[in-house]
Each structure stands twice: as C-alpha cells, then as structure tokens.
Amino acid sequence: MRDVLSAASQSGEMPIAYMLRVMRNEKVRDARRDEMAKAAATYLHTKLSSIPSELEDELEPVFQ
C-alpha cells in the first residue's frame, strides 16, 4: 500500500484514482491488478457486518 501512496503523492493523483487506473490497465500483470482491486474495494463498497444470534429474533424481517 505504501507504493500506492508514494506513486500518488508524486503524481498528485488521489490514491483511489491510482488504484482504479492500475486495476483497469490490461498491460499490468494480473496479480497486481487483483491487489489494486482488493485495495480499492475497501473504499468503494461497504463491508457487511454480522448480527449476533441473540438479536436476530428481535428484528423484523425485511422480506416476507
């Protein structure tokens, strides 16, 4: 991740823009693109949290 921040600070590019640019570049090796996709995902997608089972019975169902 340090290399991402270093490259971004040198170019003035925001880290998320850098990660997405690398991820979309077909000339970059797949392992690197995967690494950037994983790093960018934390900024773009919310992480689901689990509900403790003791609270599950108290919640109203969303879909019926």
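See above for the structure.
Residues numbered from 1 in each chain as written. Predicted model: local features only at pLDDT ≥ 70, side-chain atom pairs only at ≥ 80, totals over all residues. Heavy atoms only, no water.

Undergrad: Looking at this model, I keep getting lost on the pattern of salt bridges. Mind explaining?
TA: A side chain with one charge can pair with a side chain of the opposite charge if their charged atoms come near. By the definition in use, this model includes 3 salt bridges. In this structure, Arg21 engages Glu13 in a salt bridge whose closest nitrogen and oxygen atoms are separated by 2.8 Å. Looking at Arg21, the relative accessible area reads 47%, which means it is partly exposed. Overall, the relative accessible area of 21% leaves Glu13 in the partly exposed class. Asp30 serves as the salt-bridge partner of Arg33, at 3.9 Å between the closest nitrogen and oxygen. (Salt bridge = Lys/Arg side-chain N within 4 Å of Asp/Glu carboxyl O. Buried < 20%, exposed > 50% of the residue type's maximum accessible area, 1.4 Å probe, protein only.)

Undergrad: Whenever I open this one, helix α3 (residues 30-44) confuses me. Can you help?
TA: One turn of an α-helix holds 3.6 residues; hence residues three or four places apart share an orientation. A rise of 1.5 Å per residue sets the reference length of α3, with its 15 residues, at 21 Å; its end C-alpha atoms lie 20 Å apart and thus fit the reference within 8%. Every buried residue belonging to α3 is among Arg32, Met36, Ala39 and Ala40, and all of these are buried. Angular distribution of buried residues about the axis of α3 spans 95°; they occupy a single face of the element. Away from the buried face of α3 by more than 90 degrees, exposed residues Asp30, Lys38 and Thr42 are located. (Helix = DSSP H or I, 4+ residues; strand = E, 2+ residues; numbered from the N terminus. Expected span 1.5 Å × (residues − 1). Arc of directions from axis to C-beta.)

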